2 protein chains.
Amino acid sequence: MNKEYILELLLTNKIRKTQFRIELLEVFMNTKYGLSFKDVKERISSTQDKVTIYRALTIFEKKGIIHKVPNTNDVSKYAICPEACSEKAHQHNHAHFICTQCEKTFCVDEIELPILKKVKGYKIKRSNLTLEGDCPDCI
Amino acid sequence: MNKEYILELLLTNKIRKTQFRIELLEVFMNTKYGLSFKDVKERISSTQDKVTIYRALTIFEKKGIIHKVPNTNDVSKYAICPEACSEKAHQHNHAHFICTQCEKTFCVDEIELPILKKVKGYKIKRSNLTLEGDCPDCI
DNA sequence: AAATTAAACGCAACTAAGTTGCATTTAATT
DNA sequence: AATTAAATGCAACTTAGTTGCGTTTAATTT
Ligand SMILES: [Mn+2]
Ligand SMILES: [Mn+2]
Ligand SMILES: [Zn+2]
Ligand SMILES: [Zn+2]
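Quick caveat: nothing in here was measured; it's all calculated off a predicted structure.

1. Overview of the overall build of chain A
Next, step 1: Helix and strand counts for chain A come out as four helices and seven strands.
Next, step 2: In chain A, the order of α-helices and β-strands from amino to carboxyl end is α-α-β-α-α-β-β-β-β-β-β.
Next, step 3: On C-alpha atoms alone, chain A measures out to a radius of gyration of 16 Å, which is about the 14 Å that the 2.2 N^0.38 rule sets for 139 residues.
Next, step 4: For chain A, the spread of C-alpha atoms along the principal axes amounts to about 45 × 35 × 30 Å.
Next, step 5: Summarising the internal contacts of chain A: among those between residues at least 6 apart in sequence, 51% fall at separations of at least 24.
Next, step 6: When the accessible surface of chain A is summed, it comes to about 7,700 Å², and 50% of that surface belongs to carbon and sulfur atoms.
Next, step 7: Side-chain charges of chain A comprise 23 positive and 18 negative groups, with the mean position of each set lying 10 Å from the other.

2. Here's the deal with the sheet that holds strand β2 (residues 66-69) of chain A
All names here are of chain A.
Next, step 1: Here three strands make up an open sheet; going across it, the order is β1-β3-β2 and the pairing antiparallel. Two strands bound the open sheet, and with one partner strand each, they are β1 (35-36) and β2.
Next, step 2: Relative to strand β3 (residues 77-80), β1 runs antiparallel, the two sharing two bridges. Paired with serine 36 across the strands is lysine 77, a residue of β3.
Next, step 3: On top of the sheet, helix α2 (residues 19-29) reaches β1, β2 and β3; it is set at about 85° to β3, its chief contact.
Next, step 4: Set on the sheet, helix α4 (residues 50-62) makes contact with β2 and β3; between it and β2 the angle comes to about 100°.

3. Comments concerning the protein's contact with DNA strand C
Next, step 1: Taken together, the neighbourhood of DNA strand C is formed by 21 residues, with Lys50(A), Tyr54(A), Thr18(B), Thr47(B) and Arg55(B) sitting nearest.
Next, step 2: The share of sugar and phosphate among atoms of DNA strand C within 4 Å of the protein is 53%.
Next, step 3: Taking Arg16(B), its main chain carries an N or O atom lying 3.0 Å from a phosphate oxygen of DNA strand C.
Next, step 4: A distance of 2.5 Å is found between a base oxygen of DNA strand C and a side-chain nitrogen or oxygen belonging to Arg55(B).
Next, step 5: When residues of the surface near DNA strand C are traced back to their parent elements, those giving at least two are α4 of chain A together with α2 (19-29) and α4 (50-63) of chain B.
Next, step 6: Of the residues belonging to the surface near DNA strand C, the class tally is seven nonpolar, four polar and 10 charged.

4. Things to note about the nonpolar core
Next, step 1: The biggest cluster of nonpolar side chains holds 70 residues, and the ones touching the most others in it are Leu24(A), Phe97(A) and Phe97(B).
Next, step 2: What Leu24(A) contacts, discounting residues up to four positions off in sequence, is Val40(A), Ile44(A), Ala56(A), Leu57(A) and Phe60(A).

5. Regarding the relation of the copies chain B and chain A
Next, step 1: Note on the copies: chain B fits chain A at an RMSD of 0.1 Å, the axial shift is 0.0 Å, and the rotation between them is 180°. The transformation just described matches what one would write down for a two-fold rotation axis. Considering only C-alpha atoms, the part of chain B nearest the rotation axis is Leu129(B), at 2.2 Å.
Next, step 2: An overlap of 100% is found between the interface residues of chain B and their copies at the interface of chain A, pointing to a shared contact surface.

6. Some details on the packing of helix α1 (residues 2-12) of chain B against α2(B)
All names here are of chain B.
Next, step 1: Where α1 meets α2, the closest approach of the two axes is 10 Å, and the angle between their N-to-C directions is 125°. Considered as vectors, α1 and α2 are oriented oblique to each other. In this structure, the crossing between α1 and α2 has a hand that is right-handed. Between α1 and α2, the contacting residues are Asn2, Lys3, Tyr5, Ile6, Leu7, Leu9 and Leu10 on the first element and Ile22, Leu25, Glu26 and Met29 on the second.
Next, step 2: Looking at the contact of α1 with α2 residue by residue, the classes come out as eight nonpolar, one polar and two charged.

7. Description of the coordination of the zinc ion (ligand 4)
Residue and element names in this part refer to chain B.
Next, step 1: The protein atoms donating to the zinc ion (ligand 4) are Cys99 (SG), Cys102 (SG), Cys135 (SG) and Cys138 (SG), with metal-donor distances spanning 2.2 to 2.5 Å.
Next, step 2: Here the zinc ion (ligand 4) is ringed by four donor atoms whose angles at the metal span 105 to 116°, and the overall shape comes out tetrahedral.
Next, step 3: In the primary structure, the donors to the zinc ion (ligand 4) are separated according to the pattern C-x2-C-x32-C-x2-C. With cysteine 102 in the loop between β4 (95-99) and β5 (105-108) and cysteine 138 in the segment after β7 (122-134), this residue pair connects regions lying 36 residues apart in the sequence.

How each quantity is defined
Residues numbered from 1 in each chain as written. Chains lettered and ligands numbered in written order. Predicted model: local features only at pLDDT ≥ 70, side-chain atom pairs only at ≥ 80, totals over all residues. Heavy atoms only, no water. Helix = DSSP H or I, 4+ residues; strand = E, 2+ residues; numbered from the N terminus. Rg over C-alpha atoms; globule rule 2.2 N^0.38 Å. Contact = heavy atoms within 4.5 Å. Areas by Shrake-Rupley, 256 points an atom, 1.4 Å probe, with all protein chains shown as cover. Lys, Arg positive; Asp, Glu negative; His and termini not counted. Charge placed at Lys NZ, Arg CZ, Asp CG, Glu CD. Pairing = 2+ DSSP bridges. Axes fitted to C-alpha atoms, helices over the stretch in contact; angles between N-to-C directions. Near = heavy atom within 4 Å. Polar contact = N/O pair within 3.5 Å; in protein donor to acceptor, adjacent residues only side chain to side chain. Nonpolar A, V, L, I, M, F, W, Y, C, P; charged D, E, K, R; others polar. Core = buried A, V, L, I, M, F, W, Y, C linked by side-chain atoms within 4.5 Å. Buried < 20%, exposed > 50% of the residue type's maximum accessible area, 1.4 Å probe, protein only. Least-squares fit on C-alpha atoms with pLDDT ≥ 70 in both. Parallel < 35°, antiparallel > 145°, perpendicular 65-115°, else oblique. Left-handed = near helix turned anticlockwise from the far one by under 90°. Donors = N, O, S within 2.8 Å, 3.2 Å for Na, K, Ca; no water. Tetrahedral: all angles 85-135°; square planar, octahedral: opposite > 155°, others 65-115°.

Here it is in C-alpha cells:
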C-alpha cells in the first residue's frame, strides 16, 4: 500500500521509477522526522553518489513531495509533505519541532498555524512555525 | 547614544572593545534586516578576515546580542536581538519575514507569537515564526 | 608607568555542504 | 526494436564554516 502510493506519486509527478528514487521515498515515508543529506545517505543502499542524492532531493522538493524544514544551523533537513502539495502550491499548515539535544526535527500536526495575509507592507505567502526544545526521546 | 549603548553592551558581556567589534555592532544596529556573513564582510572595514568575523558572530550570538534567523537555505543570517536577551535566556517574541525575491530577512515586531508550553510529549522552550513572501521594496 | 594575562586577531590549512559539466546508462514512449 | 529524455556517476569546483597556532593588544594588576 505504501508502495502503491509511492509509485503513484512518482507517476503523477513524471519522475521515473528508479530503484533509488523509490527507496528514497520509502525512507522518507518511514521516518517521522526530518532527514539531512547525510541521514539519507546512511539509510540508502541503491546509490552512494552525492550528486544523485542531491538531485533527487531537489526535484522532490520542487514537485512538492518533500519540503525543507527551516532551521538555524547550516545543514538542510527534509521531510515528506503530509498534505497534498504540488509544484504550484507548497503550503503546509503544520509546525516543526527541533530537538536541541538530539537535533532531530519533527513535523507537528497538532498546532494550528496563525494565518496572516498582510502585515505592515509585507505580502505574506507562506508561514512556518518552528519550535525548539526537548523531544519525547530526550526529555 | 547608539555608541554609548554599544559600549555598554560590550562591557556587560565582557567582550573587549576592539574597533572591529564596535564596528560590527554598529552595522547590526543600523541594518533593519538580517545579515549573512558575506553581508557583514562587505559592510565592514576594520577586518576582512573571515575567522575573525565568524568568531565575533559566534560570541555575539552566544551572549544574546544577535540571533540567527531560521531559514530553509544554506546561508545563516544574523540580526540584532531587539529585546534584552542574555546568555541564559535567548527568547524573542517576534516573527521573521523572508522576502522570496530579494532574499532580505526582516524582524517583524507586529505579530504576537503563539506561546506554547507543551505539545504531545515535546517540551517547547522557544518558538520561531517565519513568514515568506514579498517585502515592501519588492511588492 | 611597566608587567601581566587572557581575549582577540590573522594566517594557513582543513572539513563539509552543495554545485556544475559531461559522458554513460536506462526507463519510458513510439 | 529504435528513440529519447531522464537519471546516474564521476571528477572537479565553489562556498560556508572550523581548527590550530603563533602574534598582538585591551584590560587588569602591581
Ligand atoms: Mn513538515
Ligand atoms: Mn529577529
Ligand atoms: Zn531529541
Ligand atoms: Zn524583498
